[in-house]
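What follows is the residue order along each chain.
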Amino acid sequence: MMRTAKILLAVLCVALVGGCKSGSDRMKERQKAREAEKKAQEDAAEARRKANEPKIDWAKLDAFWDPPGAVKIASGKPCPEGLWALFPTTPGEGAEQQANEARREQLLEKVKGQTYVVQLRHDQGVVLRKYNAKKKRLTIEVEGLVECFDGAGLLSVAWGDPAKPYRPKDDDEDEGNPPQSVWRAQPLLFPIPFDSAAEAKAFMEKEGIGTIARLVFTLGKPDVDSKFKKTMKPNGEAGEDNLDWGAGRLVRVKLIGARLSTDFEKKLLAEKKTEAP
């Protein structure tokens, strides 16, 4: 009799809900439904936010300044794929490192044939210097390099010449460690003529804050700066470590052109072309 009751219960579960589920299964389903609902609400909120954003009318630049297929490099962001292939160090560990090394030649050929673009903005690599009343010009300074990172660490990409390691004074040493060296590159300078200080001031307060520098280039010669120094091991451990306090990796580029503009790149201020269009 009991066996018959169990069979009837099983048949009833299948007929009504496709099978009896445990409390934990039902809880997982409810949690999954809540997460799906939350994701849908977040997606809807993001869609509304984007719909309410003001539409920016960026300049439509020609192929010289916006080459088809060009890859962007941004300060403080991950490096484009394959830049590490310019250097001996292969990022990753174990199987990942082996897989990367197997692709080295392929990636090296790719990055050497690639065109790159960097955009720098006011107070983010672009500096408006003080107006020179005697020469009647306002000089705009563009940072000489940008830094990105990959699995092998920080990588500097420099168009400014010269690009050299900068070593802070030993007086800046912290807790017995030497100061870390960094790469520095000569900035690009763009003199912009203005008839008066008032005219230059008006530019700086309005159009100037929208200044954008665009650099177009291919990759050139890589370089690595190392400076090994013995330092005491941390946490009071006996012995010394031989650590590298050098500036690390840098690649000098072959600059194709540098363009300075405002109003979302629609108003040209100055440009330098090192290669013919």
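Next up on the list: the overall build of the chain. Scanning the chain from N- to C-terminus turns up five helices and 14 strands. Here the chain, with 277 residues, has 32% of them falling under the buried criterion. Of the contacts made within the chain by residues no fewer than 6 positions apart, 68% connect residues no fewer than 24 positions apart. Accessible area of the chain: about 18,100 Å², with a carbon and sulfur share of 53%.

Before going further, it helps to examine the confidence of the model for the chain. With 85% of its residues at a pLDDT of 70 or more, the chain shows a mean pLDDT of 88. Low pLDDT, under 50, characterises residues 14-18; the predicted model gives this stretch two contacts beyond four residues in sequence or across chains.

Let us now look at the environment of Phe-194. For Phe-194, the location among the structural elements is in the loop between β9 (188-193) and α5 (197-205). A C-alpha to C-alpha distance of 9.2 Å links Phe-194 and Lys-135, two positions 59 residues apart in sequence. Non-local contacts of Phe-194, meaning those with residues more than four positions away in its chain, are made with Tyr-131, Lys-136, Arg-137, Leu-138, Glu-199, Ala-200 and Phe-203.

Throughout the structure, instances matching the rule amount to one disulfide. There is a disulfide in this structure between Cys-79 and Cys-148, and the S-S distance comes to 2.1 Å. Between Cys-79 and Cys-148, the disulfide has an S-S torsion of 95° and is therefore right-handed. One end of the pair, Cys-79, is in the loop between β1 (71-72) and α3 (94-102); the other, Cys-148, is in strand β5 (residues 145-150), with 69 residues separating them in the sequence.

Backbone torsion omega between Asp-161 and Pro-162 reads 5°, so that peptide bond is classified as cis. Position of Pro-162 among the secondary structure elements: in the loop between β6 (153-158) and β7 (163-166). At Asp-123, a residue that is not glycine, the phi angle is positive and equals roughly 65°. One can find Asp-123 in the loop between β2 (115-122) and β3 (125-128). Residue classification places Asp-123 among the exposed positions, given a relative accessible area of 61%. The backbone phi angle of Phe-264 is positive, close to 55°, even though this residue is not glycine. Along the polypeptide, Phe-264 turns up in the loop between β13 (248-262) and β14 (267-273).

Within the largest apolar cluster, 40 residues are counted, with the highest numbers of intra-cluster contacts made by Ile-73, Leu-83, Trp-159, Phe-190, Leu-215, Phe-217 and Leu-219. Considering each element in turn, this core owes the most residues, five residues, to β13. Ignoring anything within four residues of it in the chain, the contact list for Leu-83 reads Ile-73, Val-111, Tyr-116, Cys-148, Leu-155 and Leu-219. Judged by nonpolar contacts, the second largest core, of seven residues, contains Leu-145, Ala-163, Trp-183 and Leu-250.

Let us now look at the pattern of salt bridges. Two side chains of opposite charge can pair, provided their charged atoms sit close to one another. Taken as a whole and judged by the stated rule, the model has 11 salt bridges. Of the charged contacts in the structure, one is a salt bridge between Arg-104 and Glu-101, with a shortest N-O distance of 3.0 Å. Take Glu-101: its relative accessible area is 38%, and that puts it in the partly exposed class. Where Arg-249 meets Asp-150, a salt bridge forms, and the shortest distance between an N and an O atom there is 2.7 Å.

Here we take up the packing of aromatic side chains. In this structure the tally under the stated criterion is five aromatic pairs. Ring centres 5.3 Å apart and planes at 40° place the aromatic pair Phe-194 and Phe-203 in the tilted group. Exposure remark for Phe-203: the relative accessible area of 5% places this residue in the buried category. Three or more aromatic residues joined by ring pairs form one cluster here, namely Tyr-116, Trp-159 and Phe-217. Above the ring of Tyr-166, the side-chain terminus of Arg-184 is found at 4.3 Å from the ring centroid. The ring of Phe-87 has Arg-249 lying over it, and the distance from NZ or CZ to the ring centre is 5.4 Å.

Most of strand β10 (residues 212-225) sits inside the fold, with 10 of its 14 residues counted as buried. One ladder, built from six bridges, connects β2 with β10; its direction is antiparallel. From the neighbouring strand, Tyr-116 faces β10, where its bridge partner is Phe-217. Judged from the 12 bridges that link them, β10 and β13 form a sheet pairing that is antiparallel. By the bridge assignment for β13, Asp-225 is matched with Gly-248.

The rules behind each value
- Residues numbered from 1 in each chain as written.
- Predicted model: local features only at pLDDT ≥ 70, side-chain atom pairs only at ≥ 80, totals over all residues.
- Heavy atoms only, no water.
- Helix = DSSP H or I, 4+ residues; strand = E, 2+ residues; numbered from the N terminus.
- Buried < 20%, exposed > 50% of the residue type's maximum accessible area, 1.4 Å probe, protein only.
- Contact = heavy atoms within 4.5 Å.
- Areas by Shrake-Rupley, 256 points an atom, 1.4 Å probe, with all protein chains shown as cover.
- pLDDT = per-residue confidence, 0-100.
- Disulfide = S-S within 2.5 Å.
- Core = buried A, V, L, I, M, F, W, Y, C linked by side-chain atoms within 4.5 Å.
- Salt bridge = Lys/Arg side-chain N within 4 Å of Asp/Glu carboxyl O.
- Phe/Tyr/Trp six-rings, centres within 6.5 Å; stacked < 30°, edge-to-face > 60°.
- Lys NZ or Arg CZ within 6 Å of the ring centre and 35° of its normal.
- Pairing = 2+ DSSP bridges.

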